[in-house]
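This is what each chain is made of:
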Amino acid sequence: MGREEELIVSVCAKFEIRGEYRGYEIVNSGHINTTYRVYFWRNGELKDYILQRVNTYVFRDPVAVMENISAVTEYIRAKIKATGVSAKRSVLHYAKTADGAYYTYSEDGGFWRCCRFIDGSVSFMQTDDLKVIEESGKAFGEFQVHLADFPVEKLHIVIPHFHNTISRYDNFRASIARDEAGRVAQVREVIEGYEALEEIATKPYRLQRQGVLPLRVTHNDTKTSNVLFDEETHERLSVIDLDTVMPGLIAFDFGDAIRVAASTVDEDEKDLSKVAIDLQKYEAFTRGFVRAIGDIPSEEERRSLALGAVAMTTECGVRFLTDYLDGDKYFRIHYPDQNLARAKCHLTLARDMVAKLDQMQAIVEKY
Ligand code: ADP
Ligand code: GN1
Ligand code: MG
């Protein structure tokens, strides 16, 4: 057994997991936490769990993160159960330690949590399957509905200014000024591209500040890989990755999902001639999402949805570029210039969205 596996086994032993440890795999889809799938043998069957080491550089108060997650999952679980349906595959279920906590620490100071692997589930980084895209829209829309009356004051703000697009731009300018990794000179054009989008990208946030758009309980990280689907039918099962559940705008949940679900390419596509928003995919997600949220949004909120996609795509690109300029400290990278590739791809995608904004808004109105 290597050191990583020894650590995994010792952490699993602190959670109330019955059975005998049988092995683990690394799950590589997220950019933030370190995720493992671990297998236990119990009653003649393999049972699997998702064990995560939470990134405490990103989440400075991981206990607050777990308090948010347990409050939200218990709330949704109670709502689903009240309809007489089993919530087993539709909401995350975290394991407890012997003293009743949903987390534990490893000797090296790591912060860990463990949830049941949802049986028969799959996730997708990116997909061309319109049914999966529509299902992901329903999943995030229903998440919104489930939490519409959640007492928002109970939520900790785990990352202040997370979708404050204005402060994301301020941080970007500060990183350009510091030029810590000496990379500014070679990416001038990309920087200027993002500067040109600042006005339009910060609009939804400004509308919130003016009181036009209300804060609601939102997921805030609605990319496709944060939904689980049934491995056979591809129907939605559960929304996952609840780390950033906080007050936010519906336009941000819609827009951040569109950034990934309606793109023609992966987040870091290098052939920019392939990068665009696919309006068929956009329509599939929109149909699922807008129908699911029903009459929750106000007129102004409905009108802000397509703009939310421009805002979230630009903001995410600004964050990738900021991290590149800072020397790649925040997002996990798998090759040296990946954050730059992500930033260039997002710039192209955001520009295409700006060009198609009227068509995008017309599709929202259709549903
Ligand atoms: P990150 O914050 O790093 O993105 P996630 O919580 O999104 O981490 O988990 C990463 C991946 O692990 C997901 O995209 C999904 O494939 C898988 N995963 C996470 N939780 C579960 C679960 N309960 N059941 C099945 N797969 C899961
Ligand atoms: C991160 O954790 P993950 O990989 O689902 C990030 C999101 C970004 C996304 C870009 C806490 O999401 O905000 O939009 O990468 N999460 C955090 O792919 O910063
Ligand atoms: Mg994730």
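See the structure shown above.
Cut-offs used in this document
Residues numbered from 1 in each chain as written. Chains lettered and ligands numbered in written order. Predicted model: local features only at pLDDT ≥ 70, side-chain atom pairs only at ≥ 80, totals over all residues. Heavy atoms only, no water. Near = heavy atom within 4 Å. Polar contact = N/O pair within 3.5 Å; in protein donor to acceptor, adjacent residues only side chain to side chain. Areas by Shrake-Rupley, 256 points an atom, 1.4 Å probe, with all protein chains shown as cover. Helix = DSSP H or I, 4+ residues; strand = E, 2+ residues; numbered from the N terminus. Nonpolar A, V, L, I, M, F, W, Y, C, P; charged D, E, K, R; others polar. Domains from an automatic or database assignment. Donors = N, O, S within 2.8 Å, 3.2 Å for Na, K, Ca; no water. Buried < 20%, exposed > 50% of the residue type's maximum accessible area, 1.4 Å probe, protein only. Pairing = 2+ DSSP bridges. Core = buried A, V, L, I, M, F, W, Y, C linked by side-chain atoms within 4.5 Å. Contact = heavy atoms within 4.5 Å. Axes fitted to C-alpha atoms, helices over the stretch in contact; angles between N-to-C directions.

Student: Which parts of the structure should I look at to understand the site of ligand 1?
Tutor: Lining the immediate surroundings of ligand 1 are 21 residues, of which S29, Q52, S123, S225 and D241 lie closest. Here a nitrogen atom of ligand 1 and a backbone polar atom of R116 are 3.0 Å apart. Here an oxygen atom of ligand 1 sits 2.9 Å away from a polar atom, N or O, in the main chain of S225. For ligand 1, the protein covers 94% of the area, taking 550 Å² as the surface of the free molecule. Contributing elements (two or more residues each) for the shell around ligand 1: strand 3 (45-53) and strand 5 (111-116). In the shell around ligand 1, the residues fall into 9 nonpolar, 9 polar and 3 charged. When residues of the shell around ligand 1 are assigned to domains, at least three fall in each of domain 1 (3-119) and domain 2 (130-366).

Student: Is there a simple way to think about the site of ligand 2 in this case?
Tutor: In the vicinity of ligand 2 lie 17 residues, with H31, K223, E267, R319 and Y330 positioned nearest. Interatomic distance of 2.6 Å between a side-chain N/O atom of Y330 and an oxygen atom of ligand 2. Against a free-state accessible area of 450 Å², the protein chains account for coverage of 97% of ligand 2. Of the residues forming the shell around ligand 2, the biggest block, 3 residues, is contributed by helix 9 (residues 299-326). When the residues that make up the shell around ligand 2 are grouped by side-chain class, the tally is 7 nonpolar, 4 polar and 6 charged. Counting contributing residues per domain, the shell around ligand 2 is built from domain 1 (3-119) and domain 2 (130-366), each supplying no fewer than three.

Student: What is the right way to look at the coordination of the magnesium ion (ligand 3) in this model?
Tutor: A metal bound by six donors in octahedral fashion has ideal angles of 90 or 180 degrees, whereas one bound by four tetrahedral donors has an ideal angle of 109.5 degrees. Note on the magnesium ion (ligand 3): its protein donors are N226 (OD1) and D241 (OD). The metal-donor distances range over 2.2 to 2.3 Å. Residue N226 is located in the loop between strand 7 (216-218) and strand 8 (227-230), and its partner D241 is located in the loop between strand 9 (236-239) and strand 10 (246-248); the two are separated by 15 residues in the primary sequence. Here N226 falls in the buried class, since its relative accessible area comes to 5%. On the accessibility criterion, D241 (24% relative accessible area) is partly exposed.

Student: Looking at this model, I keep getting lost on the pairing of strand 5. Mind explaining?
Tutor: Walk down a regular strand and you will see the side chains alternate between the two sheet faces. A large share of strand 5 lies buried, amounting to 5 of its 6 residues. Inspection of the sheet shows strand 3 paired to strand 5 by 5 bridges, in the antiparallel sense. Within the sheet, the bridge partner assigned to L51 lies in strand 5 and is C114. The pairing of strand 4 (residues 104-105) with strand 5 spans 2 bridges and is antiparallel. By the bridge assignment for strand 5, Y105 is matched with F111. Hairpin geometry of strand 4 and strand 5 is characterised by an intervening segment of 5 residues between the two adjacent antiparallel strands and by a positive phi of about 90° at G109.

Student: I'm lost on the nonpolar core in this one. Help?
Tutor: Within soluble globular proteins, side chains that are nonpolar tend to cluster in buried spots. Core analysis: the largest hydrophobic core is formed by 91 residues, its most contacted members being F172, Y194, I258, Y282, F285 and L321. No other element matches the 11 residues that helix 9 contributes to this core. Residues lining this core come from more than one domain, with at least three contributed by each of domain 1 (3-119) and domain 2 (130-366). When sequence neighbours within four positions are dropped, the list of residues in contact with Y194 reads Y169, F172, T314, G317, V318, L321, A343, H346 and L347. With 14 residues, the next largest nonpolar core counts C12, F15, I17 and L51 among its residues.

Student: What am I meant to see in the sheet that holds strand 9 here?
Tutor: Sheets are built from strands paired through backbone hydrogen bonds, the pairs being either parallel or antiparallel. Ordered by their spatial adjacency, 3 strands build an open sheet running 6-8-9, and the pairing between neighbours is antiparallel. Both edges of this open sheet fall to strand 6 (121-122) and strand 9, since each of them pairs with a single strand only. In this fold helix 3 (residues 130-146) packs onto strand 8 and strand 9, with an angle of close to 45° to the strand it touches most, strand 9.

Student: Explain the side chain of D48 to me, please; I cannot follow it from the model alone.
Tutor: Following the sequence through the fold, D48 ends up in strand 3. A distance of 2.7 Å separates the side chain of D48 from the side chain of R37, its partner in a polar contact. Discounting residues that sit within four places of it in the chain, D48 has contacts with R37, V38, Y39, R116 and F117.

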